[in-house]
Structure formats: C-alpha cells, structure tokens
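# Examining the three-dimensional arrangement
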Amino acid sequence: MPDPSAVAVFADLRAEGGELDSLVGELPGADWAAPTPAAGWTIAHQIAHLHWTDRASLLALTDAEGFAVMAEEAAKAPDTFVDEGAAEGALLDPAELLARWREGRAALDAALAAADPDARFPWYGPPMKAASMASARLMETWAHGQDVADALGVRRAPTNRLRHVARIGVRARDYAYAVRGLAAPGEPFRVELLAPDGSGVWAFGPEDAGQRVTGPALDFCLLVTQRAHRADLALTATGPDADRWLDIAQAFAGPAGPGRAPAAGGDAPAGGGSAPAAGGSAPAAADGRDGR
C-alpha cells in the first residue's frame, strides 16, 4: 500500500509545478527574456534550471549509472555547472523549453510514484528516498517560481505546501553552519511558524528549547531559500544562536549564497527584495537521514 505521506508530497509537487506553469504557460516569447532577481538569470533561465534538475532527479530514480555520469560531469565544474545548465536551456525557443519542462515534470511524477518507497536514490548530497526527493523538488520549484513571480510583478498566494519548504529549512540548520566553516550549536532550536491559511502553527524542535524562531511560514521560507532579506521579514529570534542562524540560514545545497539585500527603505513586500541574488542554487538536497 502506498505511503499516504509520500502520495501527498507527490501531489503537492504536481500542484506547485502547475502553479508556476500558470505563470509562464501563456507568456509571449519575448517575456521569457525578462530579468529575474537572480543576477544574470531571465525567466527562461529559471525554467531551464528547473527542467535540468528534474532531468537529474529522473535519472537518479531510473538510471543510477546515467546519474553517476551526470554527477561526474558536474563535479568537473562545481562552481559553474548550475549556471551552465540554465544558460544552455535558456537558449531554446521558449515554446520548446516549456514543452520539455512539462514533459520532464510528467516523467518525474511517474517515476516518483513508481519508485520503491524504502529505497534510497543517489543525489549530489546524501542518497534519499523518493518522498524526500519530491520535497526537495517542491522547494526548488517554489523558490525559482518566486523569482519568476517577482520578475512578472505577481504576488502569489502562499499555500500550506510551504510546510515542505519549512521542514527542509529547519533540517538544514547545521548545513548552513558547516558550509560557512562554522560550528553548529549543540542544542536544538524550537521553530514555530504560522501556517499560510491561518489554521495553526507548524512546530519543529523541542517545546522547551531556549533558542527559538517564530513568525509566518511564508517569511521563514523566503528566508531559508534566500528570496528575501531578513530585514524585510516578520521573523523573531529568541536567543543569540537563533538570531545568528537567521543571518545565515539556507535550505539549498551548495556554497553559501549572498542572498538578497534589504529592500530600499525596508518597505518592499515579502518576496520582493530588490537586489539580485546569486544565479542559481545548487540542486536542492533534502537531508539524507530523512526517514521518508
């Protein structure tokens, strides 16, 4: 019998991709060249990056040897392979890129559903199960979709699918320290986030933890994906370690990104930080210790 939690995240990934598709599906070809907040990346780059990473995920699920070859090629240019993959795809005609992205999403969806739920599949970080891979793909789809929405001046309504993003952001706490050569705090934090629909609080970590982070789930997700600066978000840290974490948090794999600068005057809407971020994050990597 399929794991209900895995089925749910697969459905959420389909929905996240569909929402982004609704933003770009009818765009005139010229609009695909519009710049996004990621430095040097157009809307075409954003979709090309998602297609590239979906293809890598499909290989990981269905062709371990093929994925190993792809990973080996990436290892030859660790600082540039993400941007190179996006740039190559962005050269395609927008209609062709859109079609390939849609086909890739459908193929990945089928592969996730068919995967052994207990198997661990190779990735750029630790191996992970299909449900964790879907969570990671959802995080990237949402984050790069935010860049597209910002480029188009569209304010997206946050959904409870953000719980997947928030969960990865919490679990990636120690990685954010490690990638900067810092020692992670020894004690766990408590993170309490208000669900986008106002239905309750998503809580992570021990209830009696001394170091705490509270605020809207949307703001936390914008922070850990580095789509907005902390100064423009309604997040509160209790304790010096939690406060430091909010300055360096990242949910994506790869080097520490520069993030976004504060909006001019600090009054930009959430997700609308005006300064460019780095090009693309490395392919997202859910924690390989994840039990799903």
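The paragraphs below set out a description of the structure included in this document.

### Here's the deal with the overall build of the protein
- The number of helices and strands found in the protein is 10 helices and 4 strands.
- Put simply, 69% of the contacts in the protein that link residues at least 6 apart link residues at least 24 apart.
- Looking at the protein as shown, the accessible area adds up to about 12,500 Å², and 56% of this sits on carbon and sulfur atoms.

### Let's talk about the packing of helix α2 (residues 43-62) against helix α6 (residues 130-152)
- Where α2 meets α6, the closest approach of the two axes is 9 Å, and the angle between their N-to-C directions is 175°. Between α2 and α6, the angle is such that the two are roughly antiparallel. Across the interface between the two elements, Ile43, Gln46, His49, Leu50, Thr53, Asp54, Ser57, Ala60 and Leu61 of α2 pack against Ala130, Met133, Arg137, Glu140, Thr141, His144, Asp147, Val148, Ala151 and Leu152 of α6.
- In terms of residue class, the contact of α2 with α6 is made up of 9 nonpolar, 6 polar and 4 charged.

### Some words on unusual backbone geometry
- Here the phi dihedral of Gln226 falls at roughly 55°; this positive angle occurs in a residue that is not glycine.
- Mapped onto the elements, Gln226 comes out in the loop between α9 (217-224) and β4 (236-238).

### Points about the pattern of salt bridges
- Tallying each qualifying case throughout the model produces 18 salt bridges.
- The partner of Glu19 in a salt bridge is Arg161, with the nearest N and O atoms 2.9 Å apart. Here the residue Glu19 occupies a position in helix α1 (residues 4-24), and Arg161 occupies one in the loop between α6 and α7 (162-171), the gap between them amounting to 142 residues.
- What makes Glu19 partly exposed here is its relative accessible area of 23%.
- By relative accessible area, Arg161 is classed as buried at 13%.
- Among the ionic contacts, a cluster of salt bridges with common partners joins Glu16, Glu19, Arg156 and Arg161.

### Quick notes on the sheet that holds strand β3 (residues 212-216)
- One open sheet accounts for 4 strands, arranged β2-β1-β3-β4; its pairing is mixed. The outermost strands of the open sheet, each flanked by one partner alone, are β2 (201-204) and β4. When the angles between neighbouring strand axes are averaged without regard to direction, this sheet yields 15°.
- With 3 bridges connecting them, β3 and β4 associate as antiparallel partners. In the sheet register, Thr214 faces β4, and the bridge partner there is Thr236.
- Of the strands in this sheet, β1 (190-194) and β2 are in contact with α7, which crosses β2 at around 25°.

### With respect to the environment of Met70
- Take Met70: it is sitting in helix α3 (residues 64-75).
- Relative accessible area serves as the criterion here: at 12%, Met70 is assigned to the buried category.
- Beyond its immediate chain neighbours, meaning those up to four positions away, Met70 contacts Trp52, Arg55, Ala56, Leu59 and Tyr124.

### Notes on the packing of α2 against helix α4 (residues 81-90)
- At a closest axis distance of 7 Å, the pairing of α2 and α4 adopts a crossing angle of 110°. Relative to α4, α2 is oriented roughly perpendicular. The crossing of α2 and α4 is right-handed. Contact with α2, carried on its side by Ala44, His45, Ala48, His49 and Trp52, involves Phe81, Val82, Gly85, Ala86, Ala87, Gly89 and Ala90 of α4 and no other residues of that element.
- Classifying every residue of the contact of α2 with α4 gives 8 nonpolar, 4 polar and no charged.

### Some points on the side chain of Arg173
- By the secondary structure assignment, Arg173 is in helix α8 (residues 173-178).
- Among all residues touching Arg173, those that are not within four sequence positions of it are Pro185, Glu187, Pro188, Phe189 and Trp245.

### Focus on the nonpolar core
- Counting residues in each nonpolar core, the largest one holds 63 residues, and the members touching the most others are Leu61, Leu112, Val191, Leu193, Trp202, Phe220 and Trp245.
- Top contributing element to this core by residue count: α6, with 9 residues.
- Beyond its immediate sequence surroundings of up to four residues, Trp202 is in contact with Asn160, Leu162, Arg163, Ala166, Val191, Glu192, Leu193, Ala195, Pro196 and Ala217.

So, how was this worked out
- Residues numbered from 1 in each chain as written.
- Predicted model: local features only at pLDDT ≥ 70, side-chain atom pairs only at ≥ 80, totals over all residues.
- Heavy atoms only, no water.
- Helix = DSSP H or I, 4+ residues; strand = E, 2+ residues; numbered from the N terminus.
- Contact = heavy atoms within 4.5 Å.
- Areas by Shrake-Rupley, 256 points an atom, 1.4 Å probe, with all protein chains shown as cover.
- Axes fitted to C-alpha atoms, helices over the stretch in contact; angles between N-to-C directions.
- Parallel < 35°, antiparallel > 145°, perpendicular 65-115°, else oblique.
- Nonpolar A, V, L, I, M, F, W, Y, C, P; charged D, E, K, R; others polar.
- Salt bridge = Lys/Arg side-chain N within 4 Å of Asp/Glu carboxyl O.
- Buried < 20%, exposed > 50% of the residue type's maximum accessible area, 1.4 Å probe, protein only.
- Pairing = 2+ DSSP bridges.
- Left-handed = near helix turned anticlockwise from the far one by under 90°.
- Core = buried A, V, L, I, M, F, W, Y, C linked by side-chain atoms within 4.5 Å.

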